[in-house]
Structure formats: structure tokens, C-alpha cells
Amino acid sequence: MENKNLHKTENHKEHHISSYKDHFSTLLALLLLTVVTVVVSVFGADLRSLSVATALLIATVKVVVVAYYFMHLKYDMKLYTWLVVLVAVLFVAFTALTSIEYFNR
Amino acid sequence: MEHASGFVLPNSGHNRDAEASKMGMWLFLFTELLLFGGLFIVYMVYRMINHEAFLLSSFELDVTMGTINTVVLLVSSMTIAMSITAIQKGNIKLSVNLLYATLAAAIIFMVIKYFEWSSKIHHGLFPGMDYYESLPKGEGLFFYLYFFMTGLHALHIIIGAVIIGVVIYRTKKGLVTSEKYTLTENAGLYWHLVDLIWIYLFPLFYLIH
Amino acid sequence: MATLSTELNYLQAKKGLFSWIFSVDHKRIALLYLYSLITFFLVGVTLGILMRLELLNPGKDLVEAKTYNQIFTLHGVIMIFLFIIPSIPAVFGNFFLPIMLGTDDVSFPRLNLLSWWIYIIGAIMALSTLIFGDGPADTGWTFYAPYSVKTGTNVTMSVLAAFVLGFSSILTGLNFIVTIHRLRTPGMTFLKMPLFAWALYATSWIQLLATPIIGITLMMIVAERFFGVGLFDPSIGGDPILYQHLFWIYSHPAVYIMALPAFGIISELLPTFARRTIFGYKAIAFSSLAIAFVGYFIWGHHMFTSGMSGTGRFIFSILTFLVAIPTAIKVFNWVATLYKGSIHVHTPLLYALAFIFQFMIGGFTGLLLGALATDIHLHDTYFVVGHFHYVMFGGTGFAFFGALHYWFPKIWGKMYNAKVANTAFTLLFIGFNTLYFPMLIAGLMGMPRRYYDYLPEFHLPNMISTFGSWILAVGLILMLGNLIYAYFKSKDKPGRNPWGGITLEWQTQSPPPVQNFDRMPELPKNGPYDFEHKPTIKE
């Protein structure tokens, strides 16, 4: 089958095995971000609009960390990353179009 | 699959294909994300229209309980990720124990959720109750969305717990091995999704004052 | 599995009802879908003819106003959720996608069977409103809040049915995407896939990423009907227009779930009957993706008169015009494919040509509705009804019939009577245009949709339209009768390749063996429509 390598992009390489230590470090990072977001929210209540943006930003960072390390996006085919980006773009576009409409009522 | 006339189609839908299963799982997760996405759009629009009311109502929620639940879910995400590492290294016993830990986290989460919900219901904040009906414009919507979204999320926790139970059962029966661990991987992906959604729900309901 | 003989085709391999309704063979599942779809389609047609009869003359003739509302709602729910959304992907996609990719099944055969079962459960739920509860919903298929929350009819069940059917659609889409990524035969890169596969790929992404939004929206309607808080009620801080937003975030892309597979069919029919390569393969393939992508962002054009902000209307109108570009690219390429082709006129080609003609009328009338100024006049008139029937029935419906005539010999290994088929086509074409063109005129004159009565000045177009519905009905009966007769009685064995097509399904037996191929399929040298280096197909 000389054609086999045409499929190379679709077939994964050897499976990467993440170490227990990596997983633990990921958890520590996530917990740290949680502490930051709670602290900003509870003690920075007078910076209202800022805290919305900050909270969402921190949440997004956490989500990226979970997806990248825990969900193995870092080691999987790039296709998955692109698809996740696609879904994110789609959702952001939905919210953006809807909010533009409501902001201008 | 072999054919009587003596040739083999190289790509068969009946072959075991771990990558295909994983791809299917990811695609399914996308639908889940957009399912919640619809609710987040509703939340966003109503928050925009009823800004003050949403701020006031969010003070009613218990930040401590929310934070504990966040930590519980994050830890459980790690344990299930480690469980995959364990099965890949062929350590079946450790893998099963880590799955049990994840299951325990799911139960703790649900218990805390139960106390949270019952205290809200005790105050008459559930849609249809007297106090809820007397709430000013906008605040009712906040609690309606709170119950709808955390309720749907809790439903996903329960489904995830059942799936993890299945993985434990099949791993113990020897059907999941260091060669064949797609099931654990997919259960992990699903569980992480439940975590991801909570990561957004938590600040949106508890923290944004 | 290895013991199955290739001597037996998929129809003969096993006998009995259970060997069908629990089959995991994609070909049998496709036929399960076909039979169920046609059944529901005929129910929908009957309801449509009833409506036309009521509208034959002004005033109340046959049914009460409320009954009429229930009829058009059920007609919409059946035709959209039970027929046209699953139609081409579930039937021809299921049957031919794996064969065209040179494999023996979809990636998840059991999931495929599950989607059919979920579809049947959803269908039973939708039809059960006829018998149980307080009658079928009378809201229109859009279930607009707040009326859908307040009406006494059985909206809850209809909405739950739509939710369940959405699941079936998602699972089919998921299965096709994975199949296309994982099961293409070696040598078939993405850019050597048949265009039907490309169309299904784009469609599947819409099914997958848009359907969940309507799922959750419909759940909110159900929750509303139980708790009655008024989620879309301004008196407690809600907004009824938000429902419309969420509904159309799904339902506009859903229009492309209905249309894109039809584009795929036409892109298969034209090269085969013009005996030449398709003009602009990449343009057609990528414009499918472009339509799918841009189609997500134009939902607002259904709500221009609902009270959206001016900025919102402006943006949605511009985006709507954008989506016309990739669609026009396709039509241009199809017509260019015919140019200097060696055209063989057979029944499927006639359907394809009718598709192009009718789809263009549907498309151009769509532009009038996408323009802000004209939409104010035309919104909720019969112009809209005429427009979407031109796109959905004149487009997708005709492509479906074309595909049925194109692949009939492959699916059943028998040939129908071409003369009768052509007569039926002529009746359908005349009937269709007599039925729907007057609607465009009535709409321009200002006749509103969704009423069982109308002013006397709209009598003439309505009369012509009802007359057209009878011609269409005769055409449908003749077409189906001809095919059913051929299925039972035809002695005419078409062989592997009756039309001279070169995509992989023509290289195998008719009907195909259980494992799809009885010898290794051979790819044409330069892409799927390379008629200059076509593989020789021996019987």
C-alpha cells in the first residue's frame, strides 16, 4: 500500500503519557487562579465592571488550561485544537451579534 | 473486514478505531458546549437588561459553598486525568482507585449542591413559590436561570458519575487495559467538560457582584 | 462476519422484520429512513392539500380557524423536522457516503441505528398530538413565545418531539463527520472526495453545532409551560424577542441543513449526465463550507419587523446578502458544467435542471426578503410562503426526487419506466410552479400568511394555486406509483453503471453486496469527476 502515508495527518503518533506530576502542577495552577478570582471578586467589589471582565478572563484561562493539559489538546492532533477554536469563535460571534443588537435598542 | 472474493477494504467502519471514538466524543462535547451556550446567551441578555437586579440577587448565593465545589471539581478533574495516566502505564488498581476518588468528588459536589438548593428553597426562592413571586422585576429571572443552569449542570454531574461507574465496572472486568483505554479517555473528556462549564457558571452566578 | 458471501446483496442477506429494524448496515438503515420519510411526507402533503382546499374560495369552507392553525403547524412540523431536515443526509447520505468513500460502513454503525430509532420515537411523539391532549399545537412551527406558552393546545409534546428529533439529527451529523475524517479509502484526499461528501460534511457541521441551541430553547419553553414564570415575559424583566433570537440561531442554519445536501446531489448529477468534469470543483466544495459558516450569522433577517434595533437589522441584512455570493458561485459552476458537455437527457437530469430553475427563483425572492425596505412590505405575506417553498420543495424536494431516480437502479438493482418517470416529472414541474408562483403574486398584493380566510381580491391567485396543488398531487402519485411498480415488477436489470457515472458507487454491483464492494474500487486519476481517465467498469 504505497498510498498509506497519504493518511498520515489523520493517524496519530505514539500516545503521549502525561506524568502524575504534570497533572498535579496543572491542578495547582487551576487552584491558584480560583483563589485569584475569588479574591478579586470579594475584595474588589467596588471595581464592578472590571471584575466582570477579570472574572471571565480568569475563567477562560482556566478553561484553556483544562483543555490543553487535562483534555490532552497539547498532545493530540492539531485538528482538535482548530475545532475547539472554531466552536469558540462561533459562540463568541453569537454573543457578539446578540449583544450588539441589544446594546443599540 | 474480509471479503469472500479475497480482498480487504483498508478502512472499515467495523474496525476498532480509538481515534474515531475520541473524535466522536469531542464532537459530542461541542454539542454540549453549545447547549449551555444557549443558556449563557439568555443569561447575558437578561443581565444586560436587568443589571442592578442581577447584582443584588448574586449576593444571595453562598460564595464559600461555591468555592468549595469549584475546588472539588478541579481536584476530580485531576484524579480522572491521573487515572488515564495510570491505565496507560498498565496500573489497573491505581486507575480504578482514582476513578473511585472522582466518583467520591461527584458525590461531594452533589451533597453540597443539595444543601445550597434546599436553603434557597427554604427561603422560597424556587420559581412558583410565594417569596419568589414577590421578587422585584429581574431578580426572579436571576434565580430562574440559577436553578435552570445549575440544575442542568447537576444533571450532567449525575450522568458523568454513572459513566465513571461504568468505566470502573468494565476496568475491573478487564475490558479496559493499557492497550485499550478509549473508554477511560472518553469518560475523562466528558468529566472535564462538566468541569469546564462549572468554571464559567461559578463566577457568573457567585462572584460577579 | 467474514463468512458472509458476496454473492448475496444487502437486500437478500437476511430476512425478516427484525433483520431490518435492528440492522446496523448503513444501506438498510438508509432504506428504513426512506420508507418512514416518505410516509410522513405523504401525511404532510395531505395536510397541505387540505389547506389549499380551504383556501380555494374566500370564507370558511372546510375547517374552523383554529383547526386551520393546527393544520399548518403540523404541516410545518412534519415537513421540516420529519421530512426535509433528515431527507437527503439520512437516506442518500447514509446509503452512499460510505460507498462513495470506498468503505463498508459509517464509523459508528450502531449509533447510526440509534439515530433512526430516536427519529421514530420523535415522529411518534409529534404525531401523537393528533390523538392525545388538547390537539396539535396551533402556534406555527416556530413556537413563538409568549403564545406557545399560553395556548391550550398540546405544545409541550410537539416541542419535546422537535427536541428528540434534534438528537437524531445531531447523531447523524456526528457520524458523518467522523466517517469522512477516518474512513476515506487510501488515496482519496479531502480534495478528491465527491462533492456530495463535501456537502454532507458542511451539513453535518451545522447539524452538530446549531441543533443544541434549539434543544435548550425548546426546553425553556417546556419549563415555562410547567412553572409559568414568564421567562420571555417583559413584566418580570424578560424579552419575547430573545426567544426569536435563540430560535433562529438554530433555524436559519437549519435552512442550510436542508439546502446543502441538495447542492451536493446536483453536483453529482450534472457531471454524470454532461459526461465531463465539474466546473470549479474547489469553488463548489469550499462554497459549501462558506455557506455553512456565514449561514450561522444571518438569523436576524427573520426578525426585521419584530422590534430589533436598527443597528441589528442593518448588520443582519448585510450578512444576508453575503451568503448569496457562495450560493451564486455554485449556480454559476453548475451551469458552466453543462456548457460544452455531452449532455445525456435522462429523468434525474430533468430534476436537476428544474432544481436550478426553481432554486434561482427561491434565491432571488430571498434577496427581496433580506433587504430591509422591501421586507417591511413582504414580511408575513404569501410572498414568504412562496419563497421558502421554492427553495425547500422546488429546491431540496426536487433534488431528493432526482436523487431517487438517479440511484434507484443502484439501490434496488431494477430500472423504472423512463417514459412514465418523465411524464411524472413534467406534471410535478407544472404543478409545482402553478401552485407556488401565484403565492408570490398574492404576497406582493399584500395577502397575509397563516389565515384560513382572505379578501375577495386575492381569489384568482388562490384558485390557480389550489388547481396547481391537484396537478402536483397527480404527479406525485404517478412518480411514486412508477417507482413502486418498478420495485415489484421490473425485469429490467440495469447492471453496475446505467448512467455512466464514475464515482465509486457505480463500480460495485447493483444492489451492492453487504460489504459494499465485490472488488477493490478504483479511483479516477485526477479527482472524482475525471472523465478523461475514467476507470473501466466491467460487469
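Residues numbered from 1 in each chain as written. Chains lettered and ligands numbered in written order. Predicted model: local features only at pLDDT ≥ 70, side-chain atom pairs only at ≥ 80, totals over all residues.

Side note on the overall build of chain A
Moving on, step 1. Looking only at helices and strands, one finds three helices and zero strands in chain A.
Moving on, step 2. For chain A, the residues scored as buried account for 28% of the 105 residues in total. (Helix = DSSP H or I, 4+ residues; strand = E, 2+ residues; numbered from the N terminus. Buried ≥ 20, exposed ≤ 12 C-beta atoms within 10 Å, placed from the backbone.)

Remarks on the overall build of chain B
Moving on, step 1. Assigned secondary structure in chain B consists of seven helices and zero strands.
Moving on, step 2. Listed by position from the N terminus, the elements making up chain B come as α-α-α-α-α-α-α.
Moving on, step 3. Its C-alpha atoms give chain B a radius of gyration of 21 Å, clearly above 17 Å, the size a compact globule of 209 residues would have.
Moving on, step 4. Counting only contacts in chain B whose residues sit at least 6 apart along the sequence, the fraction spanning at least 24 positions is 74%. (Rg over C-alpha atoms; globule rule 2.2 N^0.38 Å. Contact = placed C-beta atoms within 7 Å.)

Some thoughts on the domain arrangement of chain A
Moving on, step 1. Considered domain by domain, chain A is made up of domain 1 (18-74) and domain 2 (76-105).
Moving on, step 2. The distance between the C-alpha centroids of domain 1 of chain A and domain 2 of chain A comes to 20 Å. (Domains from an automatic or database assignment.)

Describing the interface of chain C and chain A
Moving on, step 1. Between chain C and chain A, the contact holds 17 residues from the first and 16 residues from the second.
Moving on, step 2. Every element with two or more residues in the side of chain C that touches chain A is listed here: α7 (155-182), α9 (240-274) and α11 (310-338) of chain C.
Moving on, step 3. The dominant element in the side of chain C that touches chain A, judged by the number of residues it contributes, is α11 of chain C, at four residues.
Moving on, step 4. Taken together, the residues of the side of chain C that touches chain A break down into seven nonpolar, nine polar and one charged. (Nonpolar A, V, L, I, M, F, W, Y, C, P; charged D, E, K, R; others polar.)

Thoughts on the confidence of the model for chain A
Residues and elements named next belong to chain A.
Moving on, step 1. Taken over all residues, the pLDDT of chain A has a mean of 82, while the share at 70 or more is 80%.
Moving on, step 2. Across chain A, the secondary-structure element scoring lowest on mean pLDDT is helix α2 (residues 48-70), at 86, and the one scoring highest is helix α3 (residues 78-103), at 94.
Moving on, step 3. Residue range residues 1-13 is modelled with pLDDT below 50. Its contacts to residues more than four positions away, or to other chains, number 13 contacts. (pLDDT = per-residue confidence, 0-100.)

As for the interface of chain B and chain C
Moving on, step 1. Across the boundary between the two partners, chain B contributes 41 residues, which contact 44 residues of chain C.
Moving on, step 2. Elements with a contribution of two residues or more to the side of chain B that touches chain C: α1 (18-49) and α6 (139-172) of chain B.
Moving on, step 3. With 18 residues, α1 of chain B is the largest single contributor of residues to the side of chain B that touches chain C.
Moving on, step 4. Residue classes in the side of chain B that touches chain C are distributed as 23 nonpolar, 14 polar and four charged.

What about the nonpolar core?
Grouped burial of nonpolar side chains is what soluble globular proteins tend to show.
Moving on, step 1. Formed by 262 residues in total, the largest nonpolar core has its most connected members in Leu145 of chain B together with Ala197 and Ile266 of chain C.
Moving on, step 2. At 23 residues, the largest contribution of residues to this core is made by α9 of chain C.
Moving on, step 3. For this core, the two domains that each supply at least three residues are domain 1 (18-74) and domain 2 (76-105) of chain A.
Moving on, step 4. Apart from the residues within four sequence positions on either side, leucine 145 of chain B is in contact with Val42, Tyr43 and Tyr46 of chain B. (Core = buried A, V, L, I, M, F, W, Y, C linked by C-beta atoms within 7 Å.)

So, unusual backbone geometry
All names here are of chain C.
Moving on, step 1. Residue proline 146 is reached from alanine 145 by a cis peptide bond, and omega for that bond is 5 degrees.
Moving on, step 2. Its place among the elements puts proline 146 in the loop between α5 (109-128) and α6 (147-150).
Moving on, step 3. Cis geometry marks the peptide bond from serine 510 to proline 511, where omega comes out at -15 degrees.
Moving on, step 4. Turning to its location among the elements, proline 511 is positioned in the segment after α16 (459-489).

Thoughts on the confidence of the model for chain B
Moving on, step 1. Put simply, chain B has an average pLDDT of 91, and 97% of its residues get 70 or more.
Moving on, step 2. Scored by ipTM, the complex comes to 0.93, with pTM at 0.94.

Quick look at the packing of α9 of chain C against α11 of chain C
Axis angle and axis distance: for two packed helices, these are the angle between their axes and the distance between the axes, and together they describe the pair.
Residues and elements named next belong to chain C.
Moving on, step 1. Their axes nearest at 9 Å, the elements α9 and α11 cross at an angle of 15 degrees. By the angle between their axes, α9 is roughly parallel relative to α11. You can see that α9 and α11 cross each other, and the crossing is left-handed. Residue-level contacts link Phe263, Ile266, Leu270, Pro271 and Ala274 of α9 to Lys330, Trp334, Thr337 and Leu338 of α11.
Moving on, step 2. Counted by class, the contact of α9 with α11 contains seven nonpolar, one polar and one charged residues. (Axes fitted to C-alpha atoms, helices over the stretch in contact; angles between N-to-C directions. Parallel < 35°, antiparallel > 145°, perpendicular 65-115°, else oblique. Left-handed = near helix turned anticlockwise from the far one by under 90°.)

Structural notes on helix α3 (residues 63-88) of chain B
Since one α-helical turn is 3.6 residues long, residues separated by three or four positions face the same way.
Moving on, step 1. For α3 of chain B, built from 26 residues, the straight-helix expectation of 38 Å at 1.5 Å per residue is met to within 8% by its first-to-last C-alpha distance of 38 Å.
Moving on, step 2. Positive phi appears at glycine 90 of chain B, one or two residues downstream of α3 of chain B, with a value of about 85 degrees. (Expected span 1.5 Å × (residues − 1).)

Digging into the environment of tyrosine 80 of chain A
Moving on, step 1. Tracing the sequence through the fold places tyrosine 80 of chain A in helix α3.
Moving on, step 2. Judged by the 16 C-beta atoms lying within 10 Å of it, tyrosine 80 of chain A is partly exposed.
Moving on, step 3. In contact with tyrosine 80 of chain A, not counting residues within four places along its chain, are Leu73 of chain A together with Trp26 of chain B.

A look at the environment of alanine 486 of chain C
Residue and element names in this part refer to chain C.
Moving on, step 1. In this structure, alanine 486 sits in helix α16.
Moving on, step 2. The sequence separation of alanine 486 and proline 409 amounts to 77 residues, and the corresponding C-alpha distance is 9.8 Å.
Moving on, step 3. Those residues within four positions of alanine 486 in sequence are excluded, and the remaining contacts are Lys414, Met415, Tyr416 and Asn417.

Side note on the packing of helix α8 (residues 195-227) of chain C against helix α10 (residues 281-294) of chain C
Residue and element names in this part refer to chain C.
Moving on, step 1. Contact geometry of α8 with α10 gives a least axis separation of 9 Å together with a crossing angle of 10 degrees. When the interaxial angle is binned, α8 and α10 end up roughly parallel. Both α8 and α10 take part in a crossing whose hand is right-handed. Of the residues in α10, those touching α8 at Leu195, Trp198, Ala199, Ala202, Trp205 and Ile206 are Ile284, Ala285, Ser288, Leu289, Ile291 and Ala292.
Moving on, step 2. Its residues assigned to classes, the contact of α8 with α10 comprises eleven nonpolar, one polar and no charged.

Here's the deal with the environment of phenylalanine 467 of chain C
Residue and element names in this part refer to chain C.
Moving on, step 1. Here phenylalanine 467 lies in helix α16.
Moving on, step 2. On the neighbour-count criterion, phenylalanine 467 (16 C-beta atoms within 10 Å) is partly exposed.
Moving on, step 3. C-alpha of phenylalanine 467 to C-alpha of leucine 435: the two residues are 32 residues apart in sequence and 7.1 Å apart in space.

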